[in-house]
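# A structural walkthrough
Read off the chains here:
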Amino acid sequence: MGGRSVELVGRAGSVARRIRSGWSPDRPERMDKLKEECGIFGIYGHSEAANLTYLGLYALQHRGQESVGIATSDGGRLQIHKAMGYVADSFDEATIGRLGGMSAVGHVRYSTAGESGLKNAQPILIDCAHGEIAIAHNGNIVNAQELREMLVREGSIFQTTSDTEVLLHLYARSKAATPEMALVEAVSQAQGAFSLVLLTKDRLIAIRDPQGFRPLTMGKLGDAWVVCSETCALDLIDAEWVRDIEPGEVFIVSPEGTKSLRPFPPSPAAHCIFEHVYFARPDSYVFGQSVNEVRTELGRRLAAEQPAPADVVVPVPDSGVCAATGYAEASGVPLQMGLIRNHYVGRTFIEPHQAIRHFGVRVKLNPVKSILDGRRVVLVDDSIVRGTTSRKIVKMVRAAGAKEVHLRISCPPTISPCFYGVDTPKKADLIASTHTLEEIRQFIGADSLGYLSLDGMLSAVGPAKRSYCTSCYTGHYPVAVPSDQAAYLQLALKLVE
């Protein structure tokens, strides 16, 4: 799933920094949030397939900002364009015009398994005995290292460090009679999270792992079929939502029509709860539910569980806005935007030589003193990972005159890494895994700190609460993870040291 370097130029000279090893202006203290995984999009049977894929990826940009790619088919051959960076910066009219055809798949990437770099950007396109195929993957295959070692011993030559390439080698080696059956044979050997959209010369294929970790939904635009990570991508191109690709389903669109295969043994669903807490756009429907409504309910339940004597509720934008709305509604404390987000900070800027207090946060967020000064403030955010950003925000709010600062978090403490497609720090770097609640409060500098309980979070998603994965909060993994977790994370995940 990719990466890019960013240069910060100061008066003292040029200082090169990789986004993945430090602060990124894209979000304050970017590495103090869990990183989104990837976004995928596919369309079959439309004369503007490439352009619509571009727009779909634009809507999914929040899911991956390191690399982007689109592959298209004209019915006879596949073409591809990949680049590092944002969707809008990577494609122009001329590039889209060269990607002709009636079908396309696209991908925006954050690297979870595999290094940053264009070689790992997706879709990955290969040609083999089954013909050309392009693959876009959201998720993480937990047994990829074992499969890769087996394939290398048997003569396979890998061109990337991405776990996704393992699936292509298994596909190419398959003796199955059809591409669909070869794909089923390949993915049946994979364990973990995989929402896939694949393109051959005349087929679009969508596959979701039996647990359904990552979202994948389908819609229609006239006679064209669309598959994507979130419904917000359907909204942008004015497509009509049809249904989700179900866990364990292989959905195929071809000149013969559509068909659905269910080749995997049934398994308990394990949808990623963090899609609702943070990852997905609030205007999307994910796992059949409105993200906005779930997040607002998280805030209502947070207010009931963790009340605070306060004059104003202030969200940490943008991730805390929905939960803060629910918190204010349930508590009766008015909501005001006491922190303003600068949406126009690019990936490169001039770094001041002279130290500026709270610069790393202030470049993205700025306090509104007239709202904060002399008041008791409830700050609402979605999560705490390392705690460094929360600490800086609390200090900044106090410096703006807040009399008290009460931090409220709309999910439970994050205590364990994810192995299913989310870029998380090592367990030792997760502050809640090594510190008590009081120690975290002291480190952050808040007057009080309250998290939503696990039961409260699951209650917010309603009757489907048993179908969610909560391993980052509990340490209980629905699919077996490598026994040497530390070694796995060091080798397979792009970590921030």
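Parameters and conventions
- Residues numbered from 1 in each chain as written.
- Predicted model: local features only at pLDDT ≥ 70, side-chain atom pairs only at ≥ 80, totals over all residues.
- Heavy atoms only, no water.
- Core = buried A, V, L, I, M, F, W, Y, C linked by side-chain atoms within 4.5 Å.
- Buried < 20%, exposed > 50% of the residue type's maximum accessible area, 1.4 Å probe, protein only.
- Helix = DSSP H or I, 4+ residues; strand = E, 2+ residues; numbered from the N terminus.
- Contact = heavy atoms within 4.5 Å.
- Polar contact = N/O pair within 3.5 Å; in protein donor to acceptor, adjacent residues only side chain to side chain.
- Salt bridge = Lys/Arg side-chain N within 4 Å of Asp/Glu carboxyl O.

To continue, consider the nonpolar core. By size, the foremost hydrophobic cluster in this structure holds 75 residues, and its most contacted members are F274, L379 and Y420. Element by element, the count of residues in this core is highest for helix 9 (residues 291–305), at five residues. Excluding its chain neighbours within four sequence positions, the residues that come into contact with L379 are V314, V316, L339, I393, V394, V397, V405, H406, L407 and R408. Of all hydrophobic cores here, the second largest spans 30 residues; its members include I124, M150, V250 and F264.

Moving on: the side chain of H46. Relative to the elements of secondary structure, H46 occurs in the loop between strand 3 (38–44) and helix 1 (49–59). You can call H46 buried: its relative accessible area is 19%. From its side chain, H46 meets the backbone nitrogen of E48 in a polar contact 3.0 Å long. Those residues within four positions of H46 in sequence are excluded, and the remaining contacts are L52, G101, M102, L221 and A224.

Under the criterion given, the structure shown has 17 salt bridges. A salt bridge links R341 to D318; the shortest N-O distance between them is 2.2 Å. Within this pair, whereas R341 is found in strand 20 (residues 339–341), its partner D318 is found in the loop between strand 19 (312–315) and helix 10 (321–331), the two being separated by 23 residues in sequence. The exposure class of R341 is partly exposed, given its relative accessible area of 22%. With relative accessibility at 38%, the residue D318 sits in the partly exposed group. For the salt bridge of R441 with E438, the shortest nitrogen-to-oxygen distance reads 2.7 Å.

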